[in-house]
Amino acid sequence: SPHFPPLENPGVRALQRQVACEPHRVTPVCWQMRGSRSKALHDRALVNCQYSMATFSTGERKRRPHGDRKSSEMTLHLKQTFEAAILTQLYPRSQIDIYVQILQADGGNYCACVNAATLATIDAGIPMRDYVCASSAGFIEDTPLADLNYVEEAAGGPQVALALLPKSDQIALLEMNSRLHEDHLEQVIEAASKACKDVYAVLDQVVRDHVHEVTTLLGE
């Protein structure tokens, strides 16, 4: 897996705001990457994740920004996702910490966190099998929709969260929150998969543009 020069954090955050959601809505995410040796494994790195929501991220103030059932579930999903993507065997006896915090919740929280953390991992120079891109999808009024916003999520109905390694089409995580007839399942997963690949196209182009810019500056 190639090593990319570090991305400037303001640009990464601006990119996350651009690609995580539709142009008319935003789910800003704050992220942090760091390494430690607190719970080292002898043959690979331990991936440690923490998901939280800012107290002001929703219309109602949250008393517990992290540690509740939903945050614990999201934390586990992020851990499973990045364990499937990061080449952990290259960092034995190490720990990779990924902290993400939702600043404004407008749907697709898990997916926005995955896309932001993917850029953070590239920024940190950690080798990965592939980009890992995520999108939600649902089946509303007999129509498959991708990248659901808060209103669409609150309306109920079957919803899917998909984290994809786009080059190989391998699924890092797939979660469904309710029953969905098998006749519609393929359409919903296809909508989520297409959205993941659209996110990948934007992320990859921006990373390549940044690498080209840095290479040009170093050449001068």
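Scope of this entry: the structure provided in the associated data block.

Cut-off values and rules
- Residues numbered from 1 in each chain as written.
- Predicted model: local features only at pLDDT ≥ 70, side-chain atom pairs only at ≥ 80, totals over all residues.
- Heavy atoms only, no water.
- Salt bridge = Lys/Arg side-chain N within 4 Å of Asp/Glu carboxyl O.
- Helix = DSSP H or I, 4+ residues; strand = E, 2+ residues; numbered from the N terminus.
- Buried < 20%, exposed > 50% of the residue type's maximum accessible area, 1.4 Å probe, protein only.
- Phe/Tyr/Trp six-rings, centres within 6.5 Å; stacked < 30°, edge-to-face > 60°.
- Contact = heavy atoms within 4.5 Å.
- Pairing = 2+ DSSP bridges.
- Axes fitted to C-alpha atoms, helices over the stretch in contact; angles between N-to-C directions.
- Parallel < 35°, antiparallel > 145°, perpendicular 65-115°, else oblique.
- Left-handed = near helix turned anticlockwise from the far one by under 90°.
- Nonpolar A, V, L, I, M, F, W, Y, C, P; charged D, E, K, R; others polar.

Focus: the pattern of salt bridges
By the definition in use, this model includes 5 salt bridges. In this structure, aspartate 169 engages lysine 197 in a salt bridge whose closest nitrogen and oxygen atoms are separated by 2.9 Å. Of this pair, aspartate 169 sits in the loop between β6 (159-165) and β7 (170-176) while lysine 197 sits in helix α5 (residues 182-219), and the two are 28 residues apart along the sequence. Here aspartate 204 and arginine 208 are joined by a salt bridge, their closest N and O atoms 2.8 Å apart. Pair noted here: aspartate 204 and arginine 208 are both in helix α5, with a separation of 4 residues, about one helical turn. The exposure class of arginine 208 is partly exposed, given its relative accessible area of 48%.

Considerations on the packing of aromatic side chains
In this structure the tally under the stated criterion is 1 aromatic pair. The interplanar angle of 75° and the centroid separation of 5.2 Å between the aromatic rings of tyrosine 131 and tyrosine 200 together place this pair among those described as edge-to-face. Here tyrosine 131, found in the loop between α3 (109-123) and β4 (133-140), pairs with tyrosine 200, found in helix α5; they are 69 residues apart in sequence, far enough to count as distant. Judged by relative accessible area, tyrosine 131 falls into the buried class, the value being 5%.

Things to note about the environment of glutamine 170
Positionally, glutamine 170 belongs in strand β7. In this structure the C-alpha to C-alpha distance between glutamine 170 and alanine 85, which are 85 residues apart in sequence, comes to 9.9 Å. The residues touching glutamine 170, leaving out its near neighbours within four places in the chain, are Ala163, Leu164 and Leu165.

Notes on the pairing of strand β2 (residues 46-53)
With 6 of 8 residues buried, β2 lies mostly within the body of the structure. Here β2 runs beside strand β3 (residues 95-102); their pairing, made up of 8 bridges, is parallel. Residue pairing in the sheet places serine 52 in a bridge with glutamine 101 of β3.

Here we look at the packing of helix α2 (residues 69-85) against α3
Contact pair α2 / α3: the axes reach a minimum separation of 11 Å and the direction vectors enclose 45°. Considering the angle they form, α2 stands oblique to α3. α2 and α3 meet at a crossing whose hand is right-handed. Between α2, through Met74, His77, Leu78, Thr81 and Phe82, and α3, the contact on the second element is made entirely by Asn109, Tyr110, Cys113, Val114, Ala117, Thr118 and Thr121. Its residues assigned to classes, the contact of α2 with α3 shows 7 nonpolar, 5 polar and no charged.

Quick look at unusual backbone geometry
Phi is positive for aspartate 147, which is not a glycine, with a value near 55°. Under the relative-accessibility criterion, aspartate 147 is labelled buried at 16%. In this model, aspartate 169 sits at a positive phi of 60°, which is unusual for a non-glycine residue.

Examining the sheet that holds β7
Taking strand neighbours across the sheet as the criterion, the 4 strands line up as β5-β4-β6-β7 in an open arrangement whose pairing is antiparallel. Looking along the sheet, the strands with just one partner apiece sit at the ends: β5 (143-146) and β7. Adjacent strand axes in the sheet meet at a mean angle of 20°, parallel and antiparallel pairs treated alike. Relative to β7, β6 is paired through 6 bridges, and the arrangement is antiparallel. Within β7, the residue paired with leucine 165 across the bridge is glutamine 170.

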